[in-house]
Amino acid sequence: MLDRYARQALFSGIGSKGQAAIMEKTVAIVGCGALGCTSANLLVRSGVKRLRIIDRDYIEESNLQRQLLFDEEDITKNLPKAVAAQRKLQKINSHVVIDATVADLNPSNIETLLEDVHLIIDGVDNFETRFLINDYSVKQGIPWIYGACVGSRGVTMNVVPQRTPCLRCVLENLPPVGTTETCDTEGIIAPIANLIASLQIAEALKILTNNLDALNTGLLTVDLWQNKMTRMDVKGLSGNTDCITCKRRTYEFLSRDKTSLSTILCGRGSVQILHPNGAKLDLANLAERLKRVGGVTHNSFLLRLKLEKYELAVFPDGRSIISGTNDPVVAKGLYAKYIGM
Ligand SMILES: [Zn+2]
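Residues numbered from 1 in each chain as written. Predicted model: local features only at pLDDT ≥ 70, side-chain atom pairs only at ≥ 80, totals over all residues. Heavy atoms only, no water.

### Quick word on unusual backbone geometry
Residues other than glycine seldom take positive phi values, yet asparagine 227 does so here, at roughly 55°. Relative to the elements of secondary structure, asparagine 227 occurs in the loop between strand S7 (218–223) and strand S8 (228–233). (Helix = DSSP H or I, 4+ residues; strand = E, 2+ residues; numbered from the N terminus.)

Here it is, written out as structure tokens:
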């Protein structure tokens, strides 16, 4: 078994002791898009004990350019990203326990989904979820690694509670909606996502093997088109800020109303609707009921209903992603009409 990890254990920063430590650890990846795919791939190959992949979405053709775990067959099979990633990764390393969780990480489920992890890797596409992770990390003392990218630019930072500033120290408030570019408005080249994820997992290996002195202590920014890499030292921030999260220990995002029932998925022309109490939908029954309304396909993970102007993706817990609109009122109307509350 150790043959598999021989080159990694030979590296002096890790050694056989470090390898043994990695093999005891549970890591969660939140968001399995471009960043999450590469992070998951590297972590599973590194031999962690357990990996939990949390993602709320299914795979679309426009994802294949940069999301390295997915292929055309996954799209034909209508697989959610977490499930497709798990299947592929399990073939790569059958010794790692891989949990696929198809869900939207939010205040009502974060304590359950991240309860027993040693480290959280950011692969999400929005600041609301990042600040939620940041709250949970600081409150529970679990490190997390921020990562984001768009265009040819990317950024990453480690948050190790009690040791480094947290994300709120650096980005005091939520960037107002519409002021941050997204992959859907600005596009993205695959190398930046893979680079940022690689930087995140290099830091992850340091954390998992307790090489904390080797950690990058800054906010690292890279632009692959402008050939620029900058590091903003954030160490000084930890002593003198009045951070609401890590100094005043007020967890705004964790204590937010369990659900704002709808979330506009930025730049995607889609709205996500959560079922108020979580449902247990029988997708086969629902497919039978909806087949007169439009084109329906389904499997045990996901049902898709194609209407003239809209498309509804429905998950067994009652969650739905409604494409073709950015208007929560329209989306809620469609949800009520076709799925019911
Ligand atoms: Zn802070």
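### With respect to the packing of helix H3 (residues 34–46) against helix H10 (residues 190–208)
Look at H3 against H10: their axes get within 8 Å of each other, and the N-to-C directions meet at 40°. Of the possible angle classes, the one that applies to H3 and H10 is oblique. Between H3 and H10 the crossing geometry is right-handed. Residues Ala34, Leu35, Thr38, Ser39, Leu42, Leu43 and Ser46 of H3 touch H10, and the partners they reach there are Ala193, Asn194, Ile196, Ala197, Ser198, Gln200, Ile201, Leu205 and Leu208. (Axes fitted to C-alpha atoms, helices over the stretch in contact; angles between N-to-C directions. Parallel < 35°, antiparallel > 145°, perpendicular 65-115°, else oblique. Left-handed = near helix turned anticlockwise from the far one by under 90°. Contact = heavy atoms within 4.5 Å.)

### Remarks on the coordination of the zinc ion
Every protein donor of the zinc ion is listed here as Cys166 (SG), Cys169 (SG), Cys243 (SG) and Cys246 (SG), and their distances to the metal cover 2.2 to 2.3 Å. Around the zinc ion, the 4 donor atoms sit at angles spanning 96 to 122°, and that spread fits a shape best called tetrahedral. Mapped onto the polypeptide sequence, the residues donating to the zinc ion form the spacing pattern C-x2-C-x73-C-x2-C. Highlighted residues: cysteine 169 in helix H8 (residues 167–170) and cysteine 246 in the loop between helix H11 (237–240) and strand S9 (262–265), separated in sequence by 77 residues. Looking at cysteine 246, the relative accessible area reads 18%, which means it is buried. (Donors = N, O, S within 2.8 Å, 3.2 Å for Na, K, Ca; no water. Tetrahedral: all angles 85-135°; square planar, octahedral: opposite > 155°, others 65-115°. Buried < 20%, exposed > 50% of the residue type's maximum accessible area, 1.4 Å probe, protein only.)

### Digging into the environment of asparagine 194
In this fold, asparagine 194 is placed in helix H10. With relative accessibility at 16%, the residue asparagine 194 sits in the buried group. Along the backbone, asparagine 194 and glycine 15 are 179 residues apart, and their C-alpha atoms lie at a distance of 25 Å. Setting aside residues no more than four positions away along its own chain, asparagine 194 makes contact with Thr38, Arg66 and Leu68. A polar side-chain atom of asparagine 194 sits 3.0 Å from the main-chain carbonyl oxygen of alanine 190. (Polar contact = N/O pair within 3.5 Å; in protein donor to acceptor, adjacent residues only side chain to side chain.)

### Let's talk about the domain arrangement of the protein
According to the domain assignment, the protein consists of domain 1 (2–240) and domain 2 (262–338). In this complex, domain 1 contributes 17 residues to the contact, which on the side of domain 2 involves 16 residues. Scanning the region where domain 1 abuts domain 2 turns up 0 salt bridges. Where domain 1 meets domain 2, there are 6 residue pairs in polar contact (both at pLDDT 80 or more). (Domains from an automatic or database assignment. Salt bridge = Lys/Arg side-chain N within 4 Å of Asp/Glu carboxyl O.)

### Overview of the sheet that holds strand S1 (residues 26–30)
As summarised here, the arrangement of the 8 strands in space is S3-S2-S1-S4-S5-S6-S7-S8, forming an open sheet in which the pairing is mixed. Lying at the two open borders of the sheet, with one neighbouring strand each, are strand S3 (97–102) and S8. Taken pair by pair, the neighbouring strands of this sheet meet at an average axis angle of 15°, ignoring direction. For strand S6 (residues 153–159) and S7, the ladder comprises 4 bridges, and the chain directions are antiparallel. In the sheet register, valine 155 faces S7, and the bridge partner there is threonine 221. Strands S1, strand S4 (119–122), strand S5 (144–150) and S6 of the sheet are contacted by helix H7 (residues 127–140), whose axis makes an angle of about 170° with S5. (Pairing = 2+ DSSP bridges.)

### Some remarks on the pairing of S8
Examined bridge by bridge, S7 and S8 share 6 bridges and lie antiparallel to one another. Looking at the pairing, threonine 221 lines up with threonine 230 of S8. The turn linking S7 back onto S8 is made up of 4 residues, and asparagine 227 within it adopts a positive phi angle of 55°.

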